[in-house]
Amino acid sequence: MVRPLVSVMMSFFNEEHYIKNAIESVLNQTYEDFEIIIINDYSTDHSLYICESFDDPRIRIYSKTNEPRGLATSRNIAIEMSRGQYIINQDADDTSEPTRIEKQLAKALENPGRCVVGCSIKSVINGIERIVKLPKMHDEIIVGFQRLYNRTTIVCTTILAPKEILQEILYRMRFKYMQDWDHLLRLFESGRVKFYNCQEPLYTYFIRPKGVLSNPEWLDYNIFVRNCQMRRKKRLEEFKNLEDFLAHLAKHPLEQIKWVGLKKMIELNLRLKLGKQSRHC
């Protein structure tokens with residue numbers, strides 16, 4: 001197989017209702033010089049069978065056997081397996097527009113080896129669609145990384161990035177959730193990348209009723225990733241895992257008030273956003 005320029009990485013766990021559409025949206029790209037690396041994260045439904053039903057040499061499937069569960073490990077396996085000079089994310093329950101790879105890659109090649117390119121998205125909640133326009137240029141995007149909330153100025157699952165940088169800045173397994181956001185922050189902190197968002201909504205992001213945003217643990221990891229960011233900025237050692245962070249808060253009431261308060265603000269902000277879209281139209 002000729003070495004592809006772009007490697008699409010996708011991980012799945014029990015996505016039998018959605019993964020066919022996700023794969024087809026990649027196979028239907030106008031840009032054809034790519035491979036799809038699909039990581040089976042110990043799925044127990046028919047997702048693997050659906051993946052194997054595609055007869056396309058660009059699809060490479062890897063099933064975990066004794067590796068740790070979770071998206072971070074899956075992403076790192078895909079990065080190691082990839083043959084492309086660039087790697088682009090694709091979630092197993094979302095879809096990409098046909099010109100997504102073509103347009104994001106074209107922008108990345110304007111600044112080879114350094115540009116991380118995302119895009120605006122079409123957000124779908126309960127069947128209701130909304131276009132989410134994101135800031136275009138690097139200086140506008142990184143403002144979001146430094147705010148307490150309303151931080152989404154680039155969507156992690158949309159990014160296309162140079163493989164060389166992703167090999168050096170891997171995903172961290174300490175995060176059950178928010179591993180993409182932690183990774184994005186560390187890309188920013190490395191000083192090695194310039195961010196850019198294509199203004200077209202090239203990616204459709206589905207928020208499911210039983211998705212991670214409805215999981216209470218997601219909120220704990222949300223404040224944990226922010227705490228890690230804060231401690232790096234202050235040159236303090238990060239907590240090794242969520243449990244250590246929560247145990248620390250239990251012993252320090254004033255800190256606990258601060259972080260629990262932020263958690264409640266994030267939850268309220270999320271509920272307002274989801275409620276607003278649900279009422280739209």
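Preceding this section is the structure that the text describes.
Since the model is a prediction, treat every value here as computed from it, not as a measurement.

*Asks:* I'd like to hear about the environment of Gly 144, residue by residue, with values.
*Replies:* Here Gly 144 shows up in helix 5 (residues 138-145). Under the relative-accessibility criterion, Gly 144 is labelled buried at 0%. For Gly 144, the contacting residues outside a window of four places in its chain are Arg 151 and Thr 153.

*Asks:* Go over helix 7 (residues 179-190) with me, naming the residues and quoting the values.
*Replies:* Residues lying three or four places apart along an α-helix face the same way, a consequence of the helix completing one turn every 3.6 residues. Helix length check: helix 7, at 12 residues, gives a terminal C-alpha distance of 17 Å against a target of 16 Å (1.5 Å per residue), a fit within 8%. Turning to helix 7, its buried residues number three or more, namely Gln 179, Asp 180, Trp 181, Asp 182, His 183, Leu 184, Leu 185, Arg 186 and Leu 187. On its buried side, helix 7 packs onto helix 3 (71-81), helix 5, helix 6 (163-168), strand 9 (194-207) and helix 8 (216-233). One or two positions beyond helix 7, positive phi appears at Gly 191, with a value near 75 degrees.

*Asks:* Please provide a residue-by-residue account of the pairing of strand 4 (residues 86-89), values included.
*Replies:* Every second residue of strand 4 is oriented toward a common face, with Tyr 86 and Ile 88 on one face and Ile 87 and Asn 89 on the other, all of them buried. Summarising the sheet, strand 1 (residues 6-12) and strand 4 pair through 4 bridges and their orientation is parallel. Looking at strand 4, one finds that Val 6 is bridged to Tyr 86. Bridge analysis of strand 4 against strand 8 (residues 160-162) gives 3 bridges, and the strand direction is antiparallel. Directly across from Tyr 86, in strand 8, lies its bridge partner Pro 162.

*Asks:* Could you give an account of the pairing of strand 6 (residues 115-125), naming the residues involved and the relevant values?
*Replies:* With 10 of 11 residues buried, strand 6 is to be regarded as a mostly interior element. Pairing of strand 6 with strand 9, which is carried by 11 bridges, proceeds in the parallel orientation. Bridging from a neighbouring strand, Cys 115 pairs with Lys 194 of strand 9. Sheet analysis places strand 6 next to strand 7 (residues 128-132), joined by 5 bridges and oriented antiparallel. By the bridge assignment, Lys 122 is partnered in strand 7 with Ile 131. Once strand 6 ends, the chain turns through 2 residues before running back antiparallel as strand 7, passing Asn 126 with a positive phi of about 55 degrees.

*Asks:* Give a detailed account of the pattern of salt bridges, specifying residues and quantitative values.
*Replies:* This model, assessed by the stated rule, comprises 19 salt bridges. Here Lys 263 and Asp 220 are joined by a salt bridge, their closest N and O atoms 2.7 Å apart. Taken together, the residues Lys 263 in helix 10 (residues 253-279) and Asp 220 in helix 8 connect sequence positions 43 residues apart.

Conventions used here
Residues numbered from 1 in each chain as written. Predicted model: local features only at pLDDT ≥ 70, side-chain atom pairs only at ≥ 80, totals over all residues. Heavy atoms only, no water. Helix = DSSP H or I, 4+ residues; strand = E, 2+ residues; numbered from the N terminus. Buried < 20%, exposed > 50% of the residue type's maximum accessible area, 1.4 Å probe, protein only. Contact = heavy atoms within 4.5 Å. Expected span 1.5 Å × (residues − 1). Pairing = 2+ DSSP bridges. Salt bridge = Lys/Arg side-chain N within 4 Å of Asp/Glu carboxyl O.

Without other data, these values stay purely geometric and don't point to any function.
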